[in-house]
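A look at the structure
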Amino acid sequence: MSPFDDIRAVLAQAPAADAAARNATAERLARVEAAASLGGLADLALWAAAWSGRAPPTVSRPVIALYAGAHASSGSTDRARRALEALASGQAPAAVLARRLGAGLDAFDLAVDRPVADVSELPAMTERACAATLAFGMEALAKGPDLLLIGAVDEASAAPSLEALLLALTGRDAGRRAAAAAAVERARAAGANSPLAFLAQLGGRETAALAGAIAAARVQRTPVVLDGLASAVAALVLHRERPGSADHCRAAGAADARHALVLAELGTEPLLPLGMTCGEGVGAAAALPLIQSACALTGSA
């Protein structure tokens, strides 16, 4: 028995894209004047229909879910705590956008007062703790959103962890290769031999929770918008564990070469090539009106 048996079972029972909903939406788009010029908007509408199972697709209950973890780097806990306070007070950019756009906003504190270890020296989590964090991440679906927009709080603190996890998953240079390679070598020596095992050894709590949210959304037929590198790497963990497990995800943007690498591995492109680096749900919130516009066009036929 493995602590990851439950999450693997969830991935195994994940439904495929709904071809009937996609085809019905394509027919509706064909009746929209100048449908041939809709380009990416038509693609977004078809994606929303296929993964929600609804034709025409609608987005009336969007939820932004942000996960805060802390890492061994100096100041990580304080930065995460300040970010959570800004979200709670409504002053953070994501909170402002959520309020303006009518989206729900949930911010999850993943024990920021107890940072995970330096992954070049010690495992970030035990496999049992990682499995529990995956399960906790699934709580983002509790409100029954019809579109889930996810990201991490204070993603910069997770950079060494994400670089190591990305190297383990792809074998490609993700930035500070020496430190990442040392962490991957330690994880392999500790017995890591699967994407989920590497997640436990190298990933932060926020990345594990994001992966849980993505998996739960797939089972509940909820399209997902990824914001930032951590959510993209979380999606890649699931894709590597079971190919296609993140096909219901689109990415808001790609801030740098590492991020673009992950999206290429996932076979998707950013919705908003604006070069935003603020993260924390801002990119996903900015993409929300675009997705709603695409869905609205299918209801006009």
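Notes on the structure in this doc start here. Bear in mind that the values here come from a model prediction, so they are computed numbers and not experimental data.

Below, the discussion takes up the overall build of the protein. Along the protein, the regular secondary structure elements total 13 helices and five strands. Its C-alpha radius of gyration of 19 Å places the protein within 12% of the 19 Å reference for a compact globule of 301 residues. By the burial criterion, 54% of the 301 residues in the protein qualify as buried. Restricting the contact set of the protein to residue pairs at least 6 apart, pairs at least 24 apart contribute 78%.

With that settled, consider the sheet that holds strand β5 (residues 249-251). Pairing is parallel across the open sheet formed by five strands, whose spatial order is β2-β1-β3-β4-β5. Each end of this open sheet is capped by a strand with a single partner; those strands are β2 (104-109) and β5. Neighbour-to-neighbour, the strand axes of the sheet open up by a mean angle of 25°, direction not taken into account. Pairing between strand β3 (residues 147-153) and strand β4 (residues 224-226): three bridges, direction parallel. What sits directly across from Leu149, in β4, is Val225. Helix-sheet contacts for helix α10 (residues 205-219) involve β1 (62-68), β3, β4 and β5, and the interaxial angle to β3 is about 175°.

Between two packed helices, both the angle of their axes relative to each other and the distance between the axes serve to describe the pair. Two numbers describe how helix α7 (residues 159-170) lies on helix α11 (residues 228-241): the axes approach to 11 Å, and their chain directions differ by 30°. In terms of their interaxial angle, α7 and α11 are classed as roughly parallel. Handedness of the α7/α11 crossing: left-handed. Taking contact as the criterion, the partners of Leu162, Leu165, Leu166, Leu169 and Thr170 in α7 are, on α11, Leu229, Ala230, Val233, Leu236, Val237 and Arg240. Class assignment for the residues of the contact of α7 with α11 results in nine nonpolar, one polar and one charged.

Take the side chain of Glu163 next. By secondary structure assignment, the location of Glu163 is in helix α7. Engagement of the side chain of Glu163 in a polar contact is seen with the side chain of Arg258, the distance being 3.2 Å.

As a rule of thumb, non-glycine residues mostly have phi less than zero, and peptide bonds are mostly trans rather than cis. Cis peptide bonds are those with omega within 30 degrees of zero, and the linkage from Ala55 to Pro56 qualifies with 0°. Of note in the backbone geometry, Ala111 takes a positive phi value of approximately 55° without being a glycine. The backbone of Asp154 shows a phi angle near 50°, a positive value even though the residue is not glycine. Tracing the backbone shows Asp154 in the loop between β3 and α7. Take Asp154: its relative accessible area is 11%, and that puts it in the buried class.

With that out of the way, let us pick up the packing of α10 against α11. At their nearest, the axes of α10 and α11 sit 8 Å apart, and the two run at 60° to each other. The angle between α10 and α11 places the two elements in the oblique class. Note on packing geometry: the crossing formed by α10 with α11 is right-handed. Listed contacts from α11 to Thr207, Leu210, Ala211, Ile214 and Ala215 of α10 are Ala230, Ser231, Ala234, Ala235 and Leu238. A per-class count over the contact of α10 with α11 returns eight nonpolar, two polar and no charged.

For the structure shown, the criterion picks out ten salt bridges. For the salt bridge of Asp43 with Arg250, the shortest nitrogen-to-oxygen distance reads 3.0 Å. Remark: Arg250 occurs in strand β5 and Asp43 occurs in helix α3 (residues 40-52); sequence separation between them is 207 residues. Since its relative accessible area comes to 39%, Asp43 is described here as partly exposed. Assessed through its relative accessible area of 15%, Arg250 is described here as buried. A salt bridge links Asp109 to Arg81; the nearest nitrogen and oxygen atoms lie 3.0 Å apart. A residue pair is termed long-range when its members are at least 10 positions apart, and Asp109 in strand β2 and Arg81 in helix α4 (residues 76-89) qualify at 28 residues. The class of Arg81 is partly exposed, set by a relative accessible area of 26%. Linked through salt bridges whose partners overlap, the residues forming this network are Arg81, Asp109 and Asp113.

Criteria and thresholds
Residues numbered from 1 in each chain as written. Predicted model: local features only at pLDDT ≥ 70, side-chain atom pairs only at ≥ 80, totals over all residues. Heavy atoms only, no water. Helix = DSSP H or I, 4+ residues; strand = E, 2+ residues; numbered from the N terminus. Rg over C-alpha atoms; globule rule 2.2 N^0.38 Å. Buried < 20%, exposed > 50% of the residue type's maximum accessible area, 1.4 Å probe, protein only. Contact = heavy atoms within 4.5 Å. Pairing = 2+ DSSP bridges. Axes fitted to C-alpha atoms, helices over the stretch in contact; angles between N-to-C directions. Parallel < 35°, antiparallel > 145°, perpendicular 65-115°, else oblique. Left-handed = near helix turned anticlockwise from the far one by under 90°. Nonpolar A, V, L, I, M, F, W, Y, C, P; charged D, E, K, R; others polar. Polar contact = N/O pair within 3.5 Å; in protein donor to acceptor, adjacent residues only side chain to side chain. Salt bridge = Lys/Arg side-chain N within 4 Å of Asp/Glu carboxyl O.

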